[in-house]
Amino acid sequence: MAAVNPIGTQAPKPSANGSMLTNILKIAIIAILLGGSVWLLIAHSEWFTNPALVKVQVIQWGAWGPVVYMLLYAVGPSFLVPGAVMTIAGGLAFGTKWGSVYSLIGGDVGALVAFAAGRFLGKSFVERVVGQRFESMLRRIAKHGFQIILYLRMVPVIPYNALNLLAGASPITFHDYFWATMIGMIPGTILFAFLGDALWHPLSLRFFLALLLIGASVGCGEIYRRWSRVKIDE
């Protein structure tokens, strides 16, 4: 039976042209992401092997350094740049305090943009991009969205941007995603920025303390996974 609207007329069907334009836009988004990833790997491969070089680049940007860094952090994970690498680079460039602040702002903005992209692209399209092996994760996010996202922000066992896209494609409310992301990113961001700052003296007590704290954070996440009523990995 055809759907009707409240005044009894048949609801309009999506036009073929509109559907085609939507598909073209989706393909364009993926092409931009892939193209940007290739460009970063070719043009700035040294950033991945030696994050300390980011500080040199930041100095060249002058007063615009923090703004450019936050913008790069916001888009970097979409171009397959690991969030941990970006945060370590922030600690190297700005120190623990401001490296954490700038990384949190950039990371949160990037997470919200990727979430919106996942919601626009839709479940079936996201599954084709990130792989059907994450289909069970979509179901768990739909059932226990806040707890799952909070855990995966603290213990990043899924690639950062794949998680953002999956969350956007899931039925999780924006409210739950937003707060789980904001809260869950704080511990890891501070610790990795601390590690980045300590990398200037890799044999110092600060360096080994940073490694110890990161290990403890992952351990706490594992304890939470084992004892939580919400099954993270079922």
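Residues numbered from 1 in each chain as written. Predicted model: local features only at pLDDT ≥ 70, side-chain atom pairs only at ≥ 80, totals over all residues. Heavy atoms only, no water.

As for helix H8 (residues 145–154)
Helical geometry note: an α-helix holds 3.6 residues per turn, so side chains three or four residues apart project in the same direction.
Then, number 1: With seven of its 10 residues buried, H8 lies for the most part within the structure.
Then, number 2: Considered for burial, the residues of H8 that qualify are Gly145, Ile148, Ile149, Leu150, Tyr151, Leu152 and Arg153. (Buried < 20%, exposed > 50% of the residue type's maximum accessible area, 1.4 Å probe, protein only. Helix = DSSP H or I, 4+ residues; strand = E, 2+ residues; numbered from the N terminus.)

A word on the pattern of salt bridges
Then, number 1: For the structure on display, the rule yields one salt bridge.
Then, number 2: Arg206 serves as the salt-bridge partner of Asp197, at 2.9 Å between the closest nitrogen and oxygen. (Salt bridge = Lys/Arg side-chain N within 4 Å of Asp/Glu carboxyl O.)

Structural notes on the environment of Asn164
Then, number 1: Within the element layout of this structure, Asn164 appears in helix H9 (residues 160–169).
Then, number 2: In this structure Asn164 comes out as buried when scored by relative accessible area, which is 0%.
Then, number 3: In sequence terms Asn164 and Ala111 are 53 residues apart; their C-alpha atoms lie 5.9 Å from each other.
Then, number 4: Apart from residues no more than four positions distant in its own chain, Asn164 is found in contact with Gly110, Ala111, Ala114, Phe115, Arg153 and Tyr177.
Then, number 5: A polar atom in the side chain of Asn164 sits 3.0 Å from the side chain of Tyr177. (Contact = heavy atoms within 4.5 Å. Polar contact = N/O pair within 3.5 Å; in protein donor to acceptor, adjacent residues only side chain to side chain.)

Some details on helix H4 (residues 65–75)
Then, number 1: All buried positions along H4 are accounted for by Gly65, Pro66, Tyr69, Met70, Tyr73 and Ala74. Looking straight down H4, one finds that the buried residues subtend no more than 165° of arc, so they occupy a single side. (Arc of directions from axis to C-beta.)

Remarks on the confidence of the model for the chain
Then, number 1: In this model, the chain carries an average pLDDT of 74, and 65% of its residues clear a pLDDT of 70 or more.
Then, number 2: The secondary structure element of the chain with the lowest average pLDDT is helix H2 (residues 46–49), at 57, and the one with the highest is helix H10 (residues 174–198), at 90.
Then, number 3: Residue range residues 1–11 is modelled with pLDDT below 50. Its contacts to residues more than four positions away, or to other chains, number seven contacts. (pLDDT = per-residue confidence, 0-100.)

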